[in-house]
Amino acid sequence: MIYFYIPVRNEQGTAGVMLYRLMESMRAVDMEYEVHLTLDGCTDDSAEVVEPYLKKLPLTVTHNQSRLGYGKCLYEAIRKASAASQNPKRDFFVILDADFSVDPAEIKEMAPGIERNVVLYLPDRLSPAKNGIGLIKRIANKLADKLLRRRGAKFPENIDLLSTVRACRIQHLRRNMSRVDALGALPANTPPAVSGAMLYMSLHDNSKKTEVLEMREQRMTRRKSRFSLFGVLRNLMFSSLVEKAIFEPERERDNRGRGRSRSSRSR
């Protein structure tokens, strides 16, 4: 079973295209699936665009009258999928963007690994010379790399840290919920890219098999970009919740204990 999660915040121009392409893509993949979609304080016609797909897809829609924010909505979706899964060793959780920046047809490339032993799938929007992410996002990714390493994170080079597209086996999510919990405490105005980086920090270091897929951004008319370089870097630099995603709770306690010991000796 694949549990898809699609967060929607005023995406009337692309949410329908995303759902249609997902439906078409899954016809070519011999897997059961469910789609959970969150309308997070939408003020446009996203709800009307999504409604016809309730009869075409195994789709559940959550309406938030007031905006909760990307992190909290993602966290709730993870909790629901984790609780619903009857076979967590086999089942997968996949996050897709409602702005159609990534084509759901990519799931066909992921399917063989999902059937075998891949635990964590990551996108690579940095490698494509054409149709990759733009210069500002590339710079942001390099700066995010440096900031997270300065905060103690350890991860491979050239990782697409700021993507919100992620895919992970349900069992792995369950094992790392103490870190994933940090997403649920994020303020509503936290940039989605920060949630993407935090989720990766929560999952990467004890994944038995991680696979990276090159993904090209779709060049179609969408709403104005909400990406904020300053907002992303500020959160990655200062938010204590980022640190909770990086470190195991036991390590956090050990670090605090060592800090108190050094303070006692200095006195």
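Residues numbered from 1 in each chain as written. Predicted model: local features only at pLDDT ≥ 70, side-chain atom pairs only at ≥ 80, totals over all residues. Heavy atoms only, no water.

Points about the sheet that holds strand 6 (residues 167-169)
Stated formally: Only when DSSP finds a minimum of two bridges between them are two strands counted as paired. Runs of E in the DSSP output that reach at least two residues are strands. Runs of H or I that reach at least four are helices, and both are numbered from the N terminus. Simply put, an axis is a line fit to the C-alpha atoms, just over the touching stretch for a helix, and the angle between two N-to-C directions goes from 0 to 180 degrees. Two residues qualify as a contact provided that any one of their heavy atoms is within 4.5 Å of a heavy atom in the partner residue.
In spatial order, the strands read 3-2-1-4-6-5-7; together these seven strands make up an open sheet with mixed pairing. Edge positions in the sheet fall to strand 3 (59-64) and strand 7 (210-214), since each of these pairs with one other strand and no more. Taken over all neighbouring pairs, the strand axes of this sheet differ in orientation by 20 degrees on average, direction set aside. Alignment of strand 1 (residues 2-8) against strand 2 (residues 33-40), held across seven bridges, turns out to be parallel. The residue bridging isoleucine 6 from the neighbouring strand is leucine 37, located in strand 2. Along the sheet face, helix 1 (residues 15-27) touches strand 1, strand 2 and strand 3 and points at about 170 degrees away from the line of strand 1.

Looking at the packing of aromatic side chains
The condition is simple: Working definition: rings of Phe, Tyr and Trp (its six-membered ring) pair if their centres are within 6.5 Å, and the pair is stacked with planes under 30 degrees apart, edge-to-face with planes over 60 apart, and tilted otherwise.
Under the defined criterion, the tally for this structure stands at four aromatic pairs. Ring centres of phenylalanine 4 and tyrosine 33 lie 6.0 Å apart, and the angle between their planes is 80 degrees; on these two criteria the pair is classed as edge-to-face. Pair noted here: phenylalanine 4 is in strand 1 and tyrosine 33 is in strand 2, with a separation of 29 residues, a long-range link. Plain terms: the ring middles of phenylalanine 155 and tyrosine 200 are 6.3 Å apart, the flat faces sit at 75 degrees to each other, and that makes the pair edge-to-face.

Quick word on the side chain of serine 82
By the secondary structure assignment, serine 82 is in helix 3 (residues 70-84). If we ignore the near neighbours within four places in the chain, the residues touching serine 82 are Ile170 and Arg174.

Section: a nonpolar patch on the surface
Rules: The patch calculation keeps residues exceeding 30% relative accessible area without a salt bridge and links them within 9 Å when they carry like charges or within 5 Å when they are nonpolar (Val, Leu, Ile, Met, Phe, Trp, Tyr). The accessible surface values rely on the Shrake-Rupley method and a 1.4 Å probe; as for residues, cover is taken only from the protein chains in view. Counted as salt bridges are all cases of a side-chain nitrogen of Lys or Arg within 4 Å of a carboxyl oxygen of Asp or Glu.
A cluster of nonpolar side chains, contributed by Leu135, Ile136, Ile139 and Leu143, occupies part of the molecular surface with about 360 Å² of accessible area. With respect to the helices and strands, the residue leucine 143 is situated in helix 5 (residues 135-150).

Examining unusual backbone geometry
Phi angles above zero are rare outside glycine, and asparagine 10 is one such case at about 55 degrees. Residue position: asparagine 10 is located in the loop between strand 1 and helix 1.

Regarding the pairing of strand 1
To keep it simple, the criterion reads: Residue exposure (1.4 Å probe, protein chains only): buried if accessible area is under 20% of the type maximum, exposed if over 50%, otherwise partly exposed. We call a crossover right-handed when, viewed with both strands directed away from the observer, the connection leading from the first strand over the helix to the second proceeds clockwise.
Most of strand 1 is tucked away: seven of the seven residues are buried. Side-chain alternation along strand 1 places Ile2, Phe4, Ile6 and Val8 on one buried face and Tyr3, Tyr5 and Pro7 on a second face that is also buried. Crossover strand 1 to strand 2 through helix 1 is right-handed. With four bridges connecting them, strand 1 and strand 4 (residues 92-95) associate as parallel partners. Its bridge partner being in strand 4, tyrosine 3 is matched across the sheet by phenylalanine 93.

So, the nonpolar core
Using the following cut-off: Joining through side-chain atoms within 4.5 Å is the link that ties buried Ala, Val, Leu, Ile, Met, Phe, Trp, Tyr and Cys residues into a set, and such a set is a nonpolar core.
Ranked by size, the top nonpolar core spans 46 residues in total, and within it Phe93 and Leu236 carry the most contacts. Among the elements that make up this core, the one with the highest residue count is helix 8 (residues 192-203) (eight residues). Setting aside its immediate chain neighbours within four residues, phenylalanine 93 contacts Tyr3, Tyr5, Leu74, Ala77, Ile78, Ala81, Arg166, Ala167, Cys168, Ile170 and Leu173. Of all hydrophobic cores here, the second largest spans 36 residues; its members include Ala15, Phe92, Val102 and Val118.

Thoughts on the confidence of the model for the protein chain
Cut-off, in case you're wondering: Note: pLDDT gives the predictor's confidence per residue, expressed from 0 to 100.
Per-residue confidence for the protein chain averages 91 on the pLDDT scale, and 91% of its residues sit at or above 70. Counting contacts from residues 252-267, a segment whose pLDDT is below 50, to residues more than four positions away or on other chains yields three contacts.

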